[in-house]
Amino acid sequence: MEGLGKRYSSDGPAALSGVTFDVAEGELLALVGPSGCGKTTLLRIMCGLLAPSAGSVLLDGRPVVRPSSDIALVFQDYGRSLFPWLDVLRNVTFALGRNGLSRAERRTRAESALREVGLDGVGSKYPWQLSGGMQQRVAIARALVSRPDVVFLDEPFASVDALTRAELQDVLLAVHSTTEHRRVTIVHVTHDVDEAVYLADRVLVLTPSPGAVAASIEVGLSRPRTQTATRSSPGFLALRNELHDVIAEGRR
Amino acid sequence: MSLTRLRGTLLGVLVFAAALAVWDVWPRGEWAAFYFPGVDHIGRTAWDVWPSSDFLRAVGASLTRLALGYTLGSLAGIAVGLAMGASSRARSTLGPTTEFLRAVPVIAVLPIAIVLLGDGDAMRVGIIAFGVFFPVLVAAVGGVRAVPPEIRDTAALFRLGGVERAVRVYLPSALPAIFAGLRTALSIGLVLVVISEFTGRGDGLGVAIWNWQSVSAVPEMYAGILFLGLLGYVLNVLFLVLERRVLAWHYGAIGERTR
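Caption draft 1: Summary view of the overall build of chain A. When its secondary structure is counted, chain A shows eight helices and 10 strands. Residue burial in chain A is summarised as follows: out of 252 residues, 51% are buried. If you take every contact in chain A between residues at least 6 apart in sequence, the share linking residues at least 24 apart comes to 69%. For chain A, the exposed area adds up to about 10,800 Å²; of that, 50% sits on carbon and sulfur atoms. Positive and negative charge centroids in chain A, built from 28 and 28 side chains respectively, lie 5 Å apart.

This is the structure in structure tokens:
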């Protein structure tokens, strides 16, 4: 399957070095690593926001050198990425800006995107009127509404409480399993090993300074996944332990 | 209005009334009595002068010039401010020049303005625009530079071109800061409209005050000054009402954050 291929070496004072990996279409790939391992730098390079000092990022064989409509990004700090001067619906339709759709069509698309993330009828509210979890759902809806090929998430659930985090994880999984979004490739950066195993098809472990790929581990757990059954399964525990070992190994 | 607000306003009015009372009862000799007439004398003169058609026409002329100069200066300040805020190259290119011009006291520019634009409306509007431009510029640059990186990245990810990014993203994001600059600029503009009219020619509130001063029509002069103070106060109140409307989203957002 045609997907993403990345190959690059150092960036700046060797934040990343020789990072090479592929992502398949429709795959949910988790990137795990401690802070300072260059996760955010890697993410920005993959989005086209930053140029690598060496190597390249390829999407469907084409190099990624600038942001494109095929790529979307969800930030950790939803409070600072949603536009505070627009209501929720307009925040989502903003992402459809130049698609050549009529205003009514943009509205409908945005409303259905909001419904997909479990937000119905909040379109006329402003972001600050919503809870953190709901704001992040808006951010996810905004990322998905333009039907990108790849969605990157930068520690998206790190700024919410644990209960909301579990909720949002399931929202993400639910959305990814729908027919419209099944073929969207998701690259999910997180520092939470359990979250990575819970969500992903495959987990990459990054080691710090300079950032490099330490391991690529397949997650063979069955879908649909649940917070209760999946997380207590022996397969889950084995995988998370393996990951913790790899990370500890990398720290040495 | 809540009780606490009412009490606060009442206190403010009381302080103002007390100041007037002090003015009135302060002992004066003959010279002082002429140049510092009592409150009731000023009040009676104001009562006669303010509604007169000459006076109202003069006020209208000043307000028109203020509106023109303010609009010109603000639009220019916002446009240049957006450009300089968004681009470090623009900042380094235009920075030294704007900083230098900003340091020059506007009043000192008056003679140059007269030479360049004559002693008419063009000069006055020009002076006002010049004075309004800089506080708005500084506020706009600061506002744009304070745009959170996530919003900048989002705008980049939406592949917005430079101008579209500046107008659709940076401008609204920086609007609270820009409004602060606009409020300062309003006070400056009002001062300048009067000062530019102190050359005495033509019509306007400043011309009227200046002429009264030069013929020693002292109560009339005070009446003019009093009107000027009230005008400034009213303009400020109107501005705040407008700001509350336009920036409702901002006040909501920071209100939530400080809960």
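Read on, since the account is not over.
Caption draft 2: Highlighting the overall build of chain B. In terms of helices and strands, chain B carries 12 helices and zero strands. In sequence order, the secondary structure elements of chain B are arranged as α-α-α-α-α-α-α-α-α-α-α-α. Projected onto the principal axes, the alpha-carbon positions of chain B cover approximately 75 × 55 × 30 Å. Within chain B, buried positions represent 41% of all 259 residues. Considering only intrachain contacts with a sequence separation of at least 6, the fraction spanning at least 24 residues in chain B is 71%. Here chain B has roughly 14,200 Å² of accessible surface; of this, 71% comes from carbon and sulfur atoms. Side-chain charges of chain B comprise 21 positive and 16 negative groups, with the mean position of each set lying 13 Å from the other.

Caption draft 3: Inspection of the interface of chain A and chain B at higher detail. Listed as interface residues are 21 residues of chain A and, on the opposing side, 21 residues of chain B. In this structure, the connection of chain A to chain B is made through two salt bridges. Residues D153 of chain B and R44 of chain A are paired through a salt bridge, measuring 2.7 Å at the closest nitrogen-oxygen approach. Connecting chain A to chain B are three residue pairs in polar contact (both at pLDDT 80 or more). Looking at the side of chain A that touches chain B residue by residue, the classes come out as 13 nonpolar, three polar and five charged.

Caption draft 4: Representation of helix α5 (residues 162-177) of chain A in the model. Residue and element names in this part refer to chain A. Between its first and last C-alpha, α5 extends 23 Å over 16 residues, near the 22 Å set by a 1.5 Å rise per residue. Looking at α5, one finds that the buried residues are T164, L168, Q169, V171, L172, L173, V175 and H176. By the N-cap criterion, in which a side-chain oxygen at the helix start approaches the backbone nitrogen of a residue two or three places on, α5 is capped by D161, the distance to L163 being 3.2 Å.

Caption draft 5: Up close: the packing of aromatic side chains. In total, this model carries 16 aromatic pairs over all chains according to the counting rule given. Seen in terms of ring centroids, F130 of chain B and F134 of chain B are 5.2 Å apart; in terms of plane orientation they differ by 75°. Their pairing is edge-to-face. On the criterion of helical spacing, the pair formed by F130 of chain B and F134 of chain B is a turn pair, its members being four residues apart in helix α7 (residues 121-145). Cation over ring: R168 of chain B sits above F94 of chain A, and NZ or CZ is 4.2 Å from the ring centre.

Caption draft 6: Layout of helix α10 (residues 205-214) of chain B. Residue and element names in this part refer to chain B. All of the buried residues along α10 are L205, G206, V207, A208, I209 and W212. On the buried face of α10, the contacting elements are α3 (39-49), α4 (53-86), α7, α9 (162-196) and α11 (218-246). Just beyond α10, the residue with positive phi is S216, at close to 55°.

Caption draft 7: Geometry of the environment of L175 of chain B. Residue and element names in this part refer to chain B. Note on placement: L175 falls in helix α9. On the accessibility criterion, L175 (18% relative accessible area) is buried. The contact partners of L175, leaving out residues within four places of it in the chain, are V246 and L247.

Calculation rules
Residues numbered from 1 in each chain as written. Chains lettered and ligands numbered in written order. Predicted model: local features only at pLDDT ≥ 70, side-chain atom pairs only at ≥ 80, totals over all residues. Heavy atoms only, no water. Helix = DSSP H or I, 4+ residues; strand = E, 2+ residues; numbered from the N terminus. Buried < 20%, exposed > 50% of the residue type's maximum accessible area, 1.4 Å probe, protein only. Contact = heavy atoms within 4.5 Å. Areas by Shrake-Rupley, 256 points an atom, 1.4 Å probe, with all protein chains shown as cover. Lys, Arg positive; Asp, Glu negative; His and termini not counted. Charge placed at Lys NZ, Arg CZ, Asp CG, Glu CD. Salt bridge = Lys/Arg side-chain N within 4 Å of Asp/Glu carboxyl O. Polar contact = N/O pair within 3.5 Å; in protein donor to acceptor, adjacent residues only side chain to side chain. Nonpolar A, V, L, I, M, F, W, Y, C, P; charged D, E, K, R; others polar. Expected span 1.5 Å × (residues − 1). Phe/Tyr/Trp six-rings, centres within 6.5 Å; stacked < 30°, edge-to-face > 60°. Lys NZ or Arg CZ within 6 Å of the ring centre and 35° of its normal.

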